[in-house]
Amino acid sequence: MKITWKDLSIDFSNMDSNKLIADWIWLIGNDKKPIMISCIGDMFLQDNNDKIYWLNVGEGLLDFVSNSFDDFKLRLKDDSQVDEWFMIGL
């Protein structure tokens, strides 16, 4: 069975993104908005300078992952990176 992005991520287009991050403002600050949510609840956030961050909600950690959305999309083509971020084994 082939795994697709639909299997690995959550469509949050009909949700209030401010509510999604409200409990995490203490960690992420006020300048980030979600651009992708994994099926396990982790979020990828973009700041006002287009930098991308990974909010690991299980560990309560915010990690810088990319300088731009285009670079982030390239990193999503790396199988080992995708496995780390999306925990495909689960």
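Just above sits the structure.
We now turn to the structure provided with this report. (Residues numbered from 1 in each chain as written. Predicted model: local features only at pLDDT ≥ 70, side-chain atom pairs only at ≥ 80, totals over all residues. Heavy atoms only, no water.)

Turning our eyes to something else, we now look at the packing of aromatic side chains. Both the distance between ring centres and the angle between the ring planes are used here to describe each pair of aromatic rings. Here the structure, examined in full by the defined rule, presents nine aromatic pairs. Geometrically, the ring pair formed by F44 and F72 is tilted, given 5.3 Å between the ring centres and 40 degrees between the ring planes. With F44 in strand β2 (residues 43–47) and F72 in helix α4 (residues 69–75), this pair connects stretches of sequence that are 28 residues apart. On the basis of relative accessibility, which here comes to 0%, the residue F44 falls in the buried class. Aromatic ring contacts, followed pair by pair, group F44, W54, F69, F72, W85 and F86 into a single cluster. Above the face of the Y53 ring, K32 is positioned so that its terminal group lies 4.9 Å from the ring centre. (Phe/Tyr/Trp six-rings, centres within 6.5 Å; stacked < 30°, edge-to-face > 60°. Helix = DSSP H or I, 4+ residues; strand = E, 2+ residues; numbered from the N terminus. Buried < 20%, exposed > 50% of the residue type's maximum accessible area, 1.4 Å probe, protein only. Lys NZ or Arg CZ within 6 Å of the ring centre and 35° of its normal.)

As a further point, take the layout of surface pockets. When its volume is computed, the largest pocket comes out at roughly 160 Å³. In terms of lining, the largest pocket is formed by K2, I3, T4, W5, L8, L76, D79, V82, D83 and I88. Sorting the residues of the lining of the largest pocket by element identifies α1 (5–8) and α5 (79–86) as the ones contributing at least two each. Ranked by residue count, the leading element in the lining of the largest pocket is α5, at three residues. Among the residues making up the lining of the largest pocket, the classes are represented as six nonpolar, one polar and three charged. (1 Å grid on protein atoms, 1.4 Å probe; cavity = no way out; pocket = protein on both sides within 12 Å on 5 of 7 lines; lining within 4 Å. Points joined across faces, edges and corners; volume = space filled by probe spheres on them. Nonpolar A, V, L, I, M, F, W, Y, C, P; charged D, E, K, R; others polar.)

Our next topic: the environment of E59. Within the fold, E59 resides in the loop between β3 (52–56) and β4 (61–66). Separated by 17 residues in the primary sequence, E59 and D42 have C-alpha atoms spaced 9.8 Å apart.

So, about the environment of N30. As for its position among the elements, N30 is in the loop between α3 (25–28) and β1 (32–37). Among the residues examined, N30 registers a relative accessible area of 66% and is labelled exposed. Each C-alpha atom, one on N30 and one on N18, is 9.8 Å from the other, the two residues being 12 residues apart in sequence.

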